Structures are given as structure tokens and as C-alpha cells.
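# Commentary on secondary and tertiary structure
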Amino acid sequence: MLYRFVASTAENKIVRDRVIAKSKEQARSILEDQELEVQKISIALKALFSDQTLGRFGGVSVRDKLVFTRNLALMIRAGINIDDALVILAEQSTSSRMRRVLTRAEEEVATGKSLSESISQFPAVFDDLFIKIIFAAEQAGTLSESLEQLATHIKRQYDLRSKIMSAMFYPLLVVISS
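Rules behind the numbers
Residues numbered from 1 in each chain as written. Predicted model: local features only at pLDDT ≥ 70, side-chain atom pairs only at ≥ 80, totals over all residues. Heavy atoms only, no water. Helix = DSSP H or I, 4+ residues; strand = E, 2+ residues; numbered from the N terminus. Rg over C-alpha atoms; globule rule 2.2 N^0.38 Å. Buried < 20%, exposed > 50% of the residue type's maximum accessible area, 1.4 Å probe, protein only. Axes fitted to C-alpha atoms, helices over the stretch in contact; angles between N-to-C directions. Parallel < 35°, antiparallel > 145°, perpendicular 65-115°, else oblique. Left-handed = near helix turned anticlockwise from the far one by under 90°. Contact = heavy atoms within 4.5 Å. Nonpolar A, V, L, I, M, F, W, Y, C, P; charged D, E, K, R; others polar. Core = buried A, V, L, I, M, F, W, Y, C linked by side-chain atoms within 4.5 Å. Salt bridge = Lys/Arg side-chain N within 4 Å of Asp/Glu carboxyl O. Polar contact = N/O pair within 3.5 Å; in protein donor to acceptor, adjacent residues only side chain to side chain. Patch = residues over 30% accessible without salt bridge, like charges linked within 9 Å, V, L, I, M, F, W, Y side chains within 5 Å. Areas by Shrake-Rupley, 256 points an atom, 1.4 Å probe, with all protein chains shown as cover. Pairing = 2+ DSSP bridges.

This brings us to the overall build of the protein chain. Counting its secondary structure elements, the protein chain contains eight helices and three strands. Along the protein chain, from the amino end to the carboxyl end, the secondary structure elements read β-β-α-β-α-α-α-α-α-α-α. Its C-alpha radius of gyration of 21 Å places the protein chain more than 25% over the 16 Å reference for a compact globule of 178 residues. The principal-axis extent of the C-alpha atoms belonging to the protein chain is close to 70 × 55 × 25 Å. Taken across its 178 residues, the protein chain has 37% of its residues classed as buried.

The structure is reproduced here in C-alpha cells:
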């Protein structure tokens, strides 16, 4: 999230700028680490509709997440490193939201963050279970296998949701038509 702040330096010089952080508390901590005394901090208005908030407000379809998960598993198994795989998947994505998510994730991975850290910025796209499985797989060295299992799990969830929706459709149609 992008935060605006007003702070003062040790020389009592006023600083007005922006900082990227996950929360107000983290933003305050970052600024204090830079020896700034924070006077005011707030969410930058532009950030409400930016890529920074995509993780909170911009989900992607189950199909897009399934395609991403399966293809990433295949690429890792083929020996392609994660940041190259994310670039390729972003270029091939038909969803502009997924493309933005993957581009941001690749930027984070390129700076040295793990895949689980980089995708955790997008909780509307990748749920807690997804992120924690990726984290555990990174630690265990079983990322491609875990991604394949995640893809199977996502597919089963999608199939179950489709069956429930179709089972509810007929009674809804009867109620509406009567």
C-alpha cells in the first residue's frame, strides 16, 4: 500500500513524501528506521485504485489461477527459473489483472524475495492456503509437485462450485417462473 507522510529530520527539516508498506505500522517503522520523526501518515489517495491495492480489490478468475498454477509447475519442472517463468506467464495471460499481478510478483522475486512473499501481496488472488503451501514447498524444495497438487485442488473446488450452482439453478428458475 502507498502511504503519504509528513515527518521531520534530526535537523528539524520537514519531509513530505510517500512510502510503500503493508500497513501504517510498517510504514511508521520504515520511516523511524530512517531516523525520521513521523508527524502524519495516511493512505495516498491515488493508491486506492493502483496496482498496489490490486491484491485487496482485484481478484482473478478461478480459470486464470488454475492455468497459472499448472503452467508454473510445468515450467519449474522443466528447469526454468521462477522469475523467467513469471515473465512468460504474464506475457501469455489473457487477463489484464493476472498480468499485473504476475508482473509485480516477478519484480519482487527479481529483488530477492521468495515466490510466497511476492504473491502474499495479493490476498484477493492468492488465498492463505495457497501462499502457505507455496512457502512450505519452497522450504522443502518440492515447489513443482506442490503446485501440481494445488492445481488439482483448485480444479476440484471449481468443479464442486459448478455442480452446486447448477443444482441451485433449477429450483431458482421454478421460483422465478411461478
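Don't stop here, the text continues.
Between helix α3 (residues 62–77) and helix α4 (residues 82–92), the shortest axis-to-axis distance is 10 Å and the interhelical angle comes to 140 degrees. Taken together, the axis directions place α3 and α4 in an arrangement best described as oblique. α4 is crossed by α3, and the crossing has right-handed handedness. Within the contact between the two elements, α3 uses F68, N71, L72, M75 and I76 and α4 uses I82, A85, L86, I88 and L89. A breakdown of the residues in the contact of α3 with α4 according to their chemical character gives nine nonpolar, one polar and no charged.

For the rest of this paragraph, the subject is the nonpolar core. A general trend in soluble globular proteins is that nonpolar side chains are found buried together. Counting residues in each nonpolar core, the largest one holds 30 residues, and the members touching the most others are F68, L72, I119, F126, F130, I134 and L147. Elements supplying a minimum of two residues to this core: α3, α4, α5 (96–110), α6 (115–119), α7 (128–140) and α8 (143–177). With six residues, the top contributor of residues to this core is α3. Discounting residues that sit within four places of it in the chain, F126 has contacts with K65, F68, M98, V101, I119 and I131.

Looking now at the pattern of salt bridges. The full count for this structure, using the stated rule, is six salt bridges. For E108, the salt bridge is made with K113, and the minimal N-O distance between the two is 3.0 Å. We classify K113 as partly exposed; its relative accessible area is 34%. For D159, the salt bridge goes to K155, with nearest N and O atoms at 3.1 Å. A residue pair is termed a helical-turn pair when its members lie 3 or 4 positions apart in one helix, as D159 and K155 do in helix α8 at four residues. When its relative accessible area of 31% is taken as the criterion, K155 is described as partly exposed.

Relative to the helices and strands, D64 is located in helix α3. Relative accessible area serves as the criterion here: at 11%, D64 is assigned to the buried category. A distance of 3.3 Å separates polar atoms of two side chains, one belonging to D64 and the other to R63. Non-local contacts of D64, meaning those with residues more than four positions away in its chain, are made with T94, S95 and M98.

Right, let's talk about a nonpolar patch on the surface for a bit. Side chains of L160, I164, M165 and M168 sit close together on the surface and give an oily, nonpolar patch of about 420 Å² of accessible area. Assignment of secondary structure puts M168 in helix α8. Owing to a relative accessible area of 52%, M168 belongs among the exposed residues under this scheme.

Pairing within the open sheet is antiparallel, and its three strands lie in the order β2-β1-β3. Both outer strands of the open sheet, β2 (14–20) and β3 (37–43), are each paired with one neighbouring strand and no more. Each neighbouring strand pair of the sheet contributes to a mean axis angle of 25 degrees, computed without reference to strand direction. Along the sheet face, helix α1 (residues 24–33) touches β1 (2–8), β2 and β3 and points at about 145 degrees away from the line of β3.

The quantities given are spatial measurements derived from coordinates; they are silent on function.
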